[in-house]
Amino acid sequence: MTELYPTTPTALSRRTTLRAAGGGTLLLGLGLAGCRSAVSEAEAPGAEATAKPRRGGTFTVAVNSDFTPSLLFAQSGQSLQQRLVYNTLVRYDDRLEPQPELATSWEYAKDGRSITLKLRTGVTYHDGRPFTADDVIFAVKNLQNPLRAAQLRSTAAAITGFEKRGDHELVLKLAHPVNNLFDLFEFMIITDRNSVEDAVAGRKLNGTGPFKLTKWSPGTGLSFTRNEKYWQPDRPYLDAVEFRVIAQADALLSSLRTGQTQLSYGVPGRNLATLAADPELVISEYSTGGGAHYLGVNTTVAPLNDKTVRQALAWGIDRERILKQVLGGYGLASATPWPKSSPAFSEAARTHYTHDPGKARELLKSAGHTGLDLPLLHINLPGDTAVAEAVQYDLKQIGVRVTLEPTDPATAQKNLISQSMPGLWTMSHGFAQVQPSTLAVSAYPFNEAKNTSRFRSAAYTKVVREAWTTPGTGARANALRQQITDTLLDEAFIIDLVIRGSVQVAAKKLRGVTLNKFSYLNLDDAHLAG
Amino acid sequence: MTALTKAAPPLARRPRHPYRAALATGRGRTGLALVGLVVLAGLLAPLLSGHGPTDQSALTLAGPGTPGHPLGTDDLGRDLLSRLLHGIRADLGIIAVAVPLGALLGCLSALAAAAHPIADTVVQRAFDLILAFPGLILALAITAILGPGRLPVIAVITLAEIPVFGRLLRTGILVQRGREYVTAARVGGISGGRILTRHILPNAADPLVVQIAVSLTVAVFIEGAMSFLGVGVRPPEPTLGAVLSQAMPYLAQAPHFAVGPLVTVTALVLGLSLVAEALNREIRR
Amino acid sequence: MRGYLLRRLPSALLVLLVASFAVFAVLRLVPGDPAAVLAGPDASAETEAAIRARLGLDEPLPAQYLRWLGDLLTGDLGPSYAIGGQTADLIGDGLGATVELTLGALLFVVVLGGAFGILGATSRNRWVSTAVRVLTTGALSVPPFVTGVLLVLLFSVLLGVLPPGGRVPLLTAPDLGVQYLLLPALCLALPSAAVLGRYLKDGIERALGEDYVRTATAAGIAPRRLLWRHALPNALPPVVTLLGMQTGNLLGGAVLVEAIFAWPGLGQLAEQALVRRDYPVVQDLLLLLVTVFVLVQLLTDLVHAWLDPRIRWE
């Protein structure tokens, strides 16, 4: 066959190659000869040297998970857009002192059973409707609805009466005093009461915030434009903001490095090292932390019903190593749930349990055990798996053989809620960054009445109830917080390991960006410097 | 008569010889060498590695050439050489069970299909159904149901291989049935079962042998893909796919983390494919 | 032709029906449910129950199944449970991304496969043919997660010329879009390109060996004309069939490639939806994929029948 085909094929194949190459160049040329490259610096949006913040400009935020409208009223993985589209009643400063937002002033009744709010006038929703006290009443009632799955529902539920005094004054009546009402006011977004079903379906978000949502493309991103009638004069500075969903850490890093995106809170700690040297990026850490990894213990599984065994586990884990190896050093190794922003934070409690395998083995021995076999459930995502592997290895050193049970997030969630966890599990919790009482009444693992560890104690219930209903400042409050911390450390049904850093990576020219205590992005004062 | 008896043995033994010839070609030899190297590394894993594959240390992401860790360490300070070698071992263990099992079940269903037209329809549609589902979605669902471990990985590979072998053998049987020698045998009064086992199956078996080599590569692929999706074997046990997926977050920081499994998987599947190609060529000849 | 189609249709429909049942059943067997996901880690049992009731998950399973089938038949896919938005929109968006990726890959398949096939069959240069052979074997056997990582290491980490993942839609920004598309499309295309290349090579070699070609060559017809006018057309029918089957493979392989390159297509949507137990999205999506698979098979058979009339009269 080949003999019949002697000379031309070479020529022919060369031509073919050329043609193929031509096609290839054409294909590449589209990208490489074009004006932009997806991996080199994108055009600086309206950069100009000015001392004072100037109007205009647009930038892109890289998020690692999409907006989930059905979780609009709950604390979800991605809450950045809440404070762009909506406002809250107050804003906490760094010392957890409430500052006015939609509520301009407030006054507690002497008995602590009601609070009078003065509301801001002249505020309108994006559709032009004025904001009134009815919107606040709706917002509270909305959070009381179990369908909204709001973590602060117990606090919202303590509000049992509403007394309107005109359109801009409102008295909230409480069933009993609570000291985390301002946590609720920091958390609760004020939505348009007429379109709430549209909002949770992701069809339309109507708020009073500095930006309007113009487009949501599920899985891809969100687009916001400036609210021209925002109640703060001359704000926001920016014309528009884009959120781009980049689920893969590598791609997210690359987008920041190359200037495709200018802001992110989604860079895993272990990857921050690659950005730290970049002169165009600024890395900063919030003292609120980004949630805490903990080791949960099912106190109904023998021998974990023995407090001594649980304490042994707490001594057996090298928290600093997890911080360094899994979180890249960004965060805080801690035996308690409290980040540095919490009034309950204390250095002594944080280092109550350190890595002491000898002591751990001793405790196990004193409880009558030389070796244990325990299952440990964890979520099958890379970071969570690494934490579980580190815990497993450390516990092996004290004679506790752990079998890992990687589980997908949905099943893990189900087990958590239905209290069907195996002996051990690792997950993370939030809600320690605000009033300490919020953690015990809102975060399920710490709930006094019903928690996944199946831990019950009259003393814990009593102290939590009391801490919740006692005013949040003063010696009594501090004593109660100390008691909660001591109970958590002593009972060790939730063994805190490390508090993840809440890390902001921003382009150098981006200024005035802040997060609230629930990770809502505040861009009122954000602007681009020259 | 004597001529016939003389001719018969080579006919029965015919499949053996071409295989050996195939493996003696350049392709076959290269393939065997590659596969042999990887298999040997896996078998000798405990001897070749100085550390346990799950022993952690404070040495995070050490580079290759670090004393005591020739390939470096991973994020949790585990020895990468040990994880690689034990990973090979784990992979081999999985594919050595799953592929033959899939082949066996596939062949059995093909034989069932050959027995009766109704069975044939049922089996065919079942194969369609399995093939119609995106394999990796199936993997996610099966793992969610069965829980983590080797079992779901083996189950998914087996399930993926059943229709492949089933269809192949079914086609083979149909082709051979139409051949003259079968008709001749049937006319000659030889029973159906005997025709099947003595004549049809030996002649339909060649493509199956090739397919086993191909399926082994597919099995490596499925194991890796499942690890990538977080539904592989139970951590901290290493497999090739698991080590590679753990390396993914560190591609920019520590590319050496990924190199071991990349090279090994490539060598293994390339070797298996070369063997499959060599066999295929000889058989088609 | 119509008779052929009619003969093939009933079994295709049956596969779809059984598939719908399998999808529904498998999904309910998977532990965890949408209500738990939506309720969140801090929810009470009351919250979970309220959400379950709102989603209609407290109805008996057969009722849920029939409701789903009914909704499907009326073309109403309804809202997604967990991801948000309408199921139809989500699938539409994901489909756009996956089709873009698949078309990009298909282009690579045709170009690379064609090059492999024609070069392999006609090149007289030992090095070229060896290179083609090694490349084909490699492309065919090395799994996409390995080629994917290699491509990222080479083009993103080492050379820094292409992004390691993500997507900018081609239609909104073609210049950026292409750069995001190149690596995933190439990664997805390689195995199929290799298969295509091999078939094409065999086909051309066989066609060039046929008597009439020999006669034509003897008659002095230019070999190039022979290749394009005779050998290729004769080699094409099985290749077209194969391309059809490979399109199915590409769609299936897209799940993994999308995961490697964070490409927000149907595979990512399916994974997302399955992880969050977004029943409507998973169900509709899987059924859609099965339908596409069945249709592709059907179409392939039809095209084959059209190209090769003998099949029709079978």
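None of these values were measured; they are calculated from a predicted model. (Residues numbered from 1 in each chain as written. Chains lettered and ligands numbered in written order. Predicted model: local features only at pLDDT ≥ 70, side-chain atom pairs only at ≥ 80, totals over all residues.)

Colleague: How would you explain the overall build of chain B if you had to name every residue and give the values?
Modeller: Scanning chain B for helices and strands turns up 12 helices and 0 strands. The order of helices and strands in chain B, counted from the N terminus, is α-α-α-α-α-α-α-α-α-α-α-α. Expressed as a percentage of the 285 residues in chain B, the buried residues total 51%. Once local pairs closer than 6 in sequence are excluded, the contacts in chain B between residues at least 24 apart make up 70%. (Helix = DSSP H or I, 4+ residues; strand = E, 2+ residues; numbered from the N terminus. Buried ≥ 20, exposed ≤ 12 C-beta atoms within 10 Å, placed from the backbone. Contact = placed C-beta atoms within 7 Å.)

Colleague: Tell me about the nonpolar core, and name the residues and values.
Modeller: Core analysis: the biggest nonpolar cluster contains 338 residues, and Ala189, Ala193 and Leu285 of chain C have the highest contact counts within it. Mapping this core onto the domain boundaries places at least three of its residues in each of domain 1 (1-286 + 504-530) and domain 2 (291-500) of chain A. Ignoring anything within four residues of it in the chain, the contact list for alanine 193 of chain C reads Phe108, Val109, Leu112, Gly113, Phe116 and Ala139 of chain C. (Core = buried A, V, L, I, M, F, W, Y, C linked by C-beta atoms within 7 Å. Domains from an automatic or database assignment.)

Colleague: How would you sum up the sheet that holds strand E13 (residues 292-297) of chain A? Please name residues and give values.
Modeller: All names here are of chain A. Strand order in this open sheet of 6 strands is E14-E18-E13-E17-E15-E16, and the pairing throughout is mixed. Here the strands that pair on one side only, and so sit at the sheet edges, are strand E14 (331-333) and strand E16 (400-407). Going from strand to strand, the sheet's axes swing by 25 degrees on average, the running direction of each strand aside. Taken together, the 2 bridges between strand E15 (residues 372-379) and strand E17 (residues 424-429) define a ladder with parallel strand orientation. From the neighbouring strand, leucine 377 faces E17, where its bridge partner is tryptophan 425. (Pairing = 2+ DSSP bridges. Axes fitted to C-alpha atoms, helices over the stretch in contact; angles between N-to-C directions.)

Colleague: Any details on the interface of chain B and chain C? Residues and values, ideally.
Modeller: Tallying the contact residues gives 34 residues for chain B and 35 residues for chain C. Residues that form the side of chain B that touches chain C fall into these classes: 26 nonpolar, 5 polar and 3 charged. (Nonpolar A, V, L, I, M, F, W, Y, C, P; charged D, E, K, R; others polar.)

Colleague: Explain the domain arrangement of chain A residue by residue, including any values.
Modeller: Residues and elements named next belong to chain A. Split into domains, chain A comes out as domain 1 (1-286 + 504-530) and domain 2 (291-500). The C-alpha centroid of domain 2 is placed 31 Å from the C-alpha centroid of domain 1. Across the boundary between the two partners, domain 1 contributes 22 residues, which contact 23 residues of domain 2. When residues of the side of domain 1 that touches domain 2 are traced back to their parent elements, those giving at least two are helix H4 (153-157) and helix H5 (181-187). Looking at the side of domain 1 that touches domain 2, its residues break down into 7 nonpolar, 10 polar and 5 charged.

Colleague: Could you give an account of helix H6 (residues 117-132) of chain B, with specific residues and numbers?
Modeller: The α-helix advances 3.6 residues per turn, and as a result positions three or four apart in sequence lie on the same side. Helix length check: H6 of chain B, at 16 residues, gives a terminal C-alpha distance of 22 Å against a target of 22 Å (1.5 Å per residue), a fit within 8%. Taken as a whole, H6 of chain B has its buried residues at Val123, Phe127, Asp128, Leu131 and Ala132 of chain B. (Expected span 1.5 Å × (residues − 1).)

Colleague: Report on the interface of chain A and chain C, specifying residues and quantitative values.
Modeller: Taken residue by residue, the interface counts 52 residues in chain A and 62 residues in chain C. For the side of chain A that touches chain C, the elements supplying multiple residues, two or more each, are helix H1 (8-32), helix H7 (249-257) and helix H14 (409-417) of chain A. By residue number, the principal contributor to the side of chain A that touches chain C is H1 of chain A, which donates 10 residues. Residue composition of the side of chain A that touches chain C, grouped by class: 27 nonpolar, 21 polar and 4 charged.

Colleague: I'd love a proper account of the environment of asparagine 206 of chain A, names of residues and values included.
Modeller: Residues and elements named next belong to chain A. Structurally, the position occupied by asparagine 206 is in the loop between helix H6 (196-200) and strand E8 (211-217). For asparagine 206, a count of 22 C-beta atoms within 10 Å puts it in the buried group. When the C-alpha positions of asparagine 206 and asparagine 227 are compared, they lie 11 Å apart, and in sequence the two are 21 residues distant. Those residues within four positions of asparagine 206 in sequence are excluded, and the remaining contacts are Tyr125, His126, Asp127, Asp192 and Ser195.

Colleague: For the environment of leucine 129 of chain B, give the residues involved together with the corresponding values.
Modeller: Residue placement: leucine 129 of chain B occurs in helix H6. C-beta crowding within 10 Å serves as the criterion here: with 17 such atoms nearby, leucine 129 of chain B is assigned to the partly exposed category. Taking the C-alpha atoms as reference, leucine 129 of chain B lies 38 Å from leucine 43 of chain B; in sequence the two are 86 residues apart. The residues touching leucine 129 of chain B, leaving out its near neighbours within four places in the chain, are Val15, Val18, Ala19 and Ala22 of chain C.

Colleague: A description of the packing of helix H5 (residues 80-115) of chain B against helix H12 (residues 256-284) of chain B should follow, citing residues and the corresponding values.
Modeller: Residues and elements named next belong to chain B. Where H5 meets H12, the axes come as close as 10 Å, and the angle between the chain directions of the two elements is 30 degrees. By the angle between their directions, the pair H5 and H12 is classed as roughly parallel. The hand of the H5/H12 crossing is right-handed. Between H5, through Leu80, Leu84, Gly87 and Ile88, and H12, the contact on the second element is made entirely by Phe257, Gly260, Pro261 and Thr264. Of the residues assigned to the contact of H5 with H12, the class counts are 5 nonpolar, 3 polar and no charged. (Parallel < 35°, antiparallel > 145°, perpendicular 65-115°, else oblique. Left-handed = near helix turned anticlockwise from the far one by under 90°.)

Colleague: Describe the confidence of the model for chain A, naming the residues involved and giving the relevant values.
Modeller: All names here are of chain A. Overall, the prediction assigns chain A a mean pLDDT of 87, with 90% of residues at 70 or greater. A low-confidence stretch, residues 1-35 stays under pLDDT 50, and its non-local contacts, those more than four residues away or across chains, total 36 contacts. This model gives residues 41-50 a pLDDT under 50, and the stretch forms 19 contacts once residues within four places in sequence are excluded. (pLDDT = per-residue confidence, 0-100.)

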